Amino acid sequence: GKSTLFKQIKILYSELRNFSVDERKEFAQVIHSNIISAMKILIQAARKQDEKFTSEVQDWDKHKLLETADANVLNSLWTNTIIAKLWLHRGHIQVQDALEYFMDHIDRICHSDYSPTNEDILHSRIRTTGLITERFRMGQASFELYDVGGQRNERRKWIHYFQDVTAVIFVAAISEYDQYLYEDSTMNR
């Protein structure tokens, strides 16, 4: 979506062309939270199919920092047949597509000295609220890029940022064509 494009432009064109150590630490927490939250959604969906379905992950705090031992628990859950079937039909539940990428790298992500790669950061998801600004240069041209929240309750805030705008980039995630809105489970994205 918009935030992923925003992060890609930061990597390619910002002055630092990278994320700071502090930003990477924040993204590590976000990624751990993304994994736990997505797994909890899958567990909840699995319990609708089998009320006896259980996993210790359902009791984890979504802000828990993952540890090496957690990788085994998550791998076991990920390879469960009910979870695997749900994953194939994930468009009907609000679960991040990036979970598959994170699970492919779960041992590295759960390591105690984990520092997210740029690709890890691009797969991470933080719900954008308000406005985030990034300044960058391409050749002799200077740009200011704004990332705005996309949920319905955020959209009314956009109008205040359109003075002196010379271009607008509309971004649509092609991978979300069969998913439903976060705020309205009856409306296709």
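Residues numbered from 1 in each chain as written. Predicted model: local features only at pLDDT ≥ 70, side-chain atom pairs only at ≥ 80, totals over all residues. Heavy atoms only, no water.

### A short note on the overall build of the chain
- Along the chain, the regular secondary structure elements total 8 helices and 2 strands.
- Its helices and strands in sequence order give the chain the pattern α-α-α-α-α-α-α-β-β-α, from N to C terminus.
- Partitioning the intrachain contacts of the chain with sequence separation of at least 6 by distance along the chain shows that 61% fall at a separation of at least 24. (Helix = DSSP H or I, 4+ residues; strand = E, 2+ residues; numbered from the N terminus. Contact = heavy atoms within 4.5 Å.)

### Considering the confidence of the model for the chain
- Taken residue by residue, the chain gives an average pLDDT of 84. The fraction at 70 or more is 81%.
- The secondary structure element of the chain with the lowest average pLDDT is helix α8 (residues 152–155), at 58, and the one with the highest is helix α6 (residues 106–109), at 98. (pLDDT = per-residue confidence, 0-100.)

### Some words on the pattern of salt bridges
- As enumerated under the stated definition, the model contains 3 salt bridges in all.
- Between Asp97 and Arg90 there is a salt bridge, with its nearest N and O atoms 2.8 Å apart.
- A relative accessible area of 28% means that Asp97 is categorised as partly exposed.
- The partner of Asp120 in a salt bridge is Arg108, and the shortest N-O contact between them spans 2.7 Å. Of this pair, Asp120 sits in helix α7 (residues 118–123) while Arg108 sits in helix α6; the two residues are 12 residues apart in sequence, bridging distant segments of the chain. (Salt bridge = Lys/Arg side-chain N within 4 Å of Asp/Glu carboxyl O. Buried < 20%, exposed > 50% of the residue type's maximum accessible area, 1.4 Å probe, protein only.)

### Regarding helix α3 (residues 68–78)
- Asp70, Ala71, Leu74, Leu77 and Trp78 are the residues of α3 that are buried. Seen from one end, α3 has its buried residues packed into an arc of 130 degrees, which puts them on one side. For α3, exposure combined with an orientation more than 90 degrees from the buried face picks out Thr68, Ala69 and Asn72. (Arc of directions from axis to C-beta.)

### Here we look at the side chain of Ser124
- Along the chain, the position of Ser124 falls in the loop between α7 and β1 (131–138).
- Classification of Ser124 as buried rests on a relative accessible area of 5%.

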